Amino acid sequence: MFFRVPKQSTAEKGKTRTPLLLEKSNQQILPSPLSLLFLSPLSISPIEVGQMGRLKKTIKKFWKCACGDPTTTGIAGDCVMSPIGVRLYIQDNYVVVDNGILQVTLSNPDGIVTGVSYNGVDNLLEILNNESNRGYWDVVWNALDGSGKAGVFEVIKGTTFKVIKESEEQVEVSFSRPWDPSLQGKLIPLNIDKRFVLLRGCSGFYTYAIYEHVGSPEWPAFSLGETRIAFKLRKDKFHYMALADNRRRFMPLPDDRLPGRGQPLAYPEAVLLVNPVEPELKGEVDDKYQYSCDNKDLKVHGWISTNPPVGFWQITPSDEFRSGGPLKQNLTSHVGPTMLAVFLSAHYAGDDLVPKFGQGEPWKKVFGPVFIYLNSVMDGNDPLTLWDDAKQQMSVEVQSWPYSFPASEDYQSLAQRGNVRGKLSVSDRFVSSDYIPANGAFVGLAPPGDVGSWQRECKDYQFWTRADEMGYFSINNVRTGNYNLYAWVPGFIGDYRNEAAITITPGCQIEVGEIVYKPPRDGPTLWEIGVPDRTAAEFYAPDPDPKYTNKLYINHPDRFRQYGLWDRYSELYPSEDLVYTVGKSDYRKDWFYAQVTRKKQNTYQGTTWQIKFVLDNVNQSGMYKLRVAIASASLAELQVRVNNPQANRPLFSSGLIGRDNAIARHGIHGIYWLYSIDIQGGVLVQGENTIYFTQPRNQSPFQGLMYDYIRLEAPPQ
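Here is a short report on the structure shown in this document. (Residues numbered from 1 in each chain as written. Predicted model: local features only at pLDDT ≥ 70, side-chain atom pairs only at ≥ 80, totals over all residues. Heavy atoms only, no water.)

What follows deals with the packing of aromatic side chains. Per the counting criterion, the structure on display carries 49 aromatic pairs. Plain terms: the ring middles of Phe238 and Phe312 are 6.3 Å apart, the flat faces sit at 80° to each other, and that makes the pair edge-to-face. Within this pair, whereas Phe238 is found in strand E15 (residues 238-244), its partner Phe312 is found in strand E22 (residues 309-315), the two being separated by 74 residues in sequence. In this pair, the class of Phe238 matches that of Phe312, namely buried. For the ring pair Phe371 and Tyr373, a centre distance of 5.7 Å and an interplane angle of 35° mean the geometry is tilted. (Phe/Tyr/Trp six-rings, centres within 6.5 Å; stacked < 30°, edge-to-face > 60°. Helix = DSSP H or I, 4+ residues; strand = E, 2+ residues; numbered from the N terminus. Buried < 20%, exposed > 50% of the residue type's maximum accessible area, 1.4 Å probe, protein only.)

Structure follows, in structure tokens:
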């Protein structure tokens, strides 16, 4: 079967129109069955309308064949063999890829996703938006050449379109944009090649991109603050958002954030709904940061339309191309309805997670592929079950990684990758005389660096896994290259790094045997506060001000995601700061989740917390050790004093640390810090002692510290 598409006339050049797919016959040119189903009713002639009923019945047969039998599950969307091959249609201004299940329209040569047709809906993307604001890759970058260009937001638009692969089984297309010195200061200095892939019988499409900074002197220095994919869905259809079993809900409309319906709060992202379209949402706070998620948990999220019952999902099957390791937090979906795939950002980390490239520094990285998955239910079935189906499809995608179909030679196939296996144990003689299995340890390969450097690494690839209950781990499908092996173990402070570098070659199976982590420890524990898990989640997060709630997080494990909890400290401690008494206080109730500033009228004050404890005897000549693990710091400082709060010089100061902004963004952790502080026995007394934690920085309500774990050790025996 041969297809062709008419070129636009000169008069039509300035107009935006829906691409029309045409089928050749001996007598006349007629719209193909697939194109008719996806066309807007306004674009169909009376004759075509008469054909619609018969064509819809035909197409439904296609879908039932392609997606399994929806009568058994009630859900269409699984990727199986389809009798309809993948077809590619090229126009002057559009490229259309169609596999009989869905149809993806991209601008030519920009490579912006302007339309996604599925299940009888001509476009699931927001048709009220300009075509360049529907589905796109973007970057935020800064010039480092002295020009002063900073925070430049750029939607990546291709200049060259190319068909990479075209068959009935697969179509892969490229929209590339090379860089040269004439573009300096205008576009980010990267060669960027965006790819889109549609497979036969697959209820969705894949996208990935190759970024390259060439190693020659004419390529200027720059930093890359963020890169991601964004999809803007139709606000008249997609109202239900899901990113976890206990994090899903009907969402406000974007109109609810506008003046008259929404009232901006302490920062623009947070809006109080004062007159929402749906009255039951009145009094709630909407803030996109309330839906952030750790990389390790961020595999699938998206939106559901109940009429028609359709799901639109973003599935990320691997974290290897994300920066910052498994605990790095990123945005997901939020009111718009907007759906994001964030690969690199400074959120919950600050400038430490912004890669900086020198003049002529060579760099190349493949971001993705990610999968944009579509599913639907039959009439009468609950549309919200589409979330369960999306999770199942996520598992399929994860098990299929690395994919076999990407055509770029920069994407490494299974045969080009290697594997590392071993066992991790912990040695802490004050916990056990035997080695302790590193149950649930996070074990990963990241570029060579210092201990713990993986959490600030943001240029290359990382590969992480969880050890089983006996400490055995397997890191599979690792790209070729040189790495260090890193780990951290819940329940123990600090970081492990294997001294010997590991070189991955194609097909290698590396056995590292049993490796042993010795966490920081000098003497036995005298007392401890919290749980060493790199978060402040175990500490006390108060109820929100009733005027500023998000109903999703009422009686929720993530209660820390409520807006304005930082202000509750001033209400709970209006004049005196927190005092924690070892042996009497309970950190789950008595240790506030963040050491924030105290609000006094229109100013803020630094705060000093006290830890009171009793020593029955003191080794005056010995050295005690205070371990302070910090889960997050936001333009803050930790000063430590012992038994003398008025001492001019603190025993210890961290200096100004951290740009996580996790307090304002409802996070419970950011970059991890660990301090080991010596306390001379002569400073302590027999009986009651007090350690003072002062956070003096006070220009903002969002400056402060979140603690992970605190421990005082006796002198070594």
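With that settled, consider the sheet that holds strand E18 (residues 271-273). In space, the three strands of this open sheet follow the order E17-E18-E19, with antiparallel pairing throughout. Only two strands of the sheet have a single partner each, and these edge strands are strand E17 (262-264) and strand E19 (285-286). In this structure, E18 lies alongside E19, joined through two bridges in antiparallel fashion. Looking at the pairing, Val271 lines up with Asp286 of E19. (Pairing = 2+ DSSP bridges.)

Summarising burial for strand E13 (residues 204-213): nine of the 10 residues are buried, a large majority. Where strand E12 (residues 191-199) meets E13, seven bridges bridge the pair, whose relative direction is antiparallel. Among the inter-strand pairings, Asp193 is bridged to a residue of E13, identified as Ile210. Hairpin connection from E12 to E13: four residues lie between these consecutive antiparallel strands, with Gly201 at a positive phi of about 70°.

Attention now goes to the pattern of salt bridges. Opposite charge on two side chains makes pairing possible when the charged atoms of those side chains draw close. By the definition in use, this model includes 41 salt bridges. A salt bridge links Glu284 to Arg249; its shortest N-O distance comes to 2.9 Å. With a gap of 35 residues between them, Glu284 in the loop between E18 and E19 and Arg249 in strand E16 (residues 247-250) connect regions that are remote in the sequence. Residue classification places Glu284 among the buried residues on the basis of a relative accessible area of 3%. Residue class for Arg249 comes out buried when judged on its relative accessible area of 12%. The partner of Lys547 in a salt bridge is Asp545, and the shortest N-O contact between them spans 3.1 Å. Taken together, the shared-partner salt bridges in this structure form one network comprising Asp522, Lys625, Arg627, Asp678, Arg711 and Glu713. (Salt bridge = Lys/Arg side-chain N within 4 Å of Asp/Glu carboxyl O.)

Another point: the nonpolar core. Here is a general trend for soluble globular proteins: nonpolar side chains tend to be buried in one another's company. Core analysis: the biggest nonpolar cluster contains 111 residues, and Phe231, Phe312 and Leu424 have the highest contact counts within it. Once you skip the residues sitting within four places of it in the chain, Leu424 turns out to touch Pro437, Ala438, Ala441, Val443, Met470, Gly471, Phe473, Ala487, Val489, Ile515 and Tyr517. Core analysis: the second largest hydrophobic core is formed by 69 residues, Leu272, Ala536, Ala636 and Ala664 among them. (Core = buried A, V, L, I, M, F, W, Y, C linked by side-chain atoms within 4.5 Å. Contact = heavy atoms within 4.5 Å.)

Across the sheet, five strands lie side by side as E38-E42-E48-E44-E45; this open sheet has mixed pairing. Only two strands of the sheet have a single partner each, and these edge strands are strand E38 (579-581) and strand E45 (652-653). Pairing of E38 with strand E42 (residues 607-615), which is carried by three bridges, proceeds in the parallel orientation. Across the sheet, the residue bridging to Tyr580 is Ile611, located in E42.

Attention now goes to the environment of Ala714. Mapped onto the elements of the fold, Ala714 is located in the segment after strand E49 (704-713). Separated by 189 residues in sequence, Ala714 and Thr525 place their C-alpha atoms 6.5 Å apart. Setting aside residues up to four positions removed in sequence, Ala714 forms contacts with Gly523, Pro524, Leu526, Met623 and Tyr624.

Here helix H4 (residues 386-399) contains 14 residues, and its C-alpha end-to-end distance of 20 Å stays within 8% of the 20 Å for a straight helix at 1.5 Å per residue. Residues Leu386, Trp387, Asp389, Ala390, Gln393, Met394 and Glu397 constitute the buried set of H4. All buried residues of H4 fall inside an arc of 155° around its axis, so they share one side. Pointing more than 90 degrees away from the buried face of H4 are the exposed residues Gln392 and Gln399. (Expected span 1.5 Å × (residues − 1). Arc of directions from axis to C-beta.)

Here we take up the pairing of E12. In terms of residue burial, E12 counts as a mostly covered element, since nine of its nine residues are buried. Neither face of E12 is open: one carries Asn191, Asp193, Arg195, Val197 and Leu199, the other Ile192, Lys194, Phe196 and Leu198, and all of them are buried. Across eight bridges, the pairing between strand E11 (residues 170-177) and E12 is antiparallel. Looking at E12, one finds that Val171 is bridged to Leu198.

For the rest of this paragraph, the subject is unusual backbone geometry. The omega torsion of the bond from Asn108 to Pro109 falls at 10°, within 30 degrees of zero and hence cis. Examined against the element boundaries, Pro109 turns out to sit in the loop between strand E6 (102-107) and strand E7 (113-118). Each neighbour pair has its own omega, and for Asn307 with Pro308 the value is 0°, a cis peptide bond. Locating Pro308 in the fold gives a position in the loop between strand E21 (300-306) and E22. One non-glycine residue, Asn477, lies in the positive phi region at around 60°. Here Asn477 lies in strand E32 (residues 472-478).

The next subject is the side chain of Arg568. Residue placement: Arg568 occurs in helix H5 (residues 565-572). Residue Arg568 is classed as buried on the basis of its relative accessible area of 16%. If near-sequence neighbours (up to four positions away) are discounted, Arg568 is found in contact with Pro542, Asp543, Pro544, Asp545 and Phe592.

Attention shifts here to the side chain of Glu320. Looking at where Glu320 falls in the secondary structure, it is placed in the loop between E22 and strand E23 (329-330). Judged by relative accessible area, Glu320 falls into the buried class, the value being 3%. In this structure the side chain of Glu320 is engaged in a polar contact, spanning 2.8 Å, whose partner is the side chain of Arg417. Once residues within four sequence positions are removed from consideration, Glu320 is found in contact with Trp401, Arg417, Asp460, Tyr461, Gln462, Phe463, Asn477 and Arg479. (Polar contact = N/O pair within 3.5 Å; in protein donor to acceptor, adjacent residues only side chain to side chain.)

Take it as geometry only, folks, not as evidence of what the structure does.
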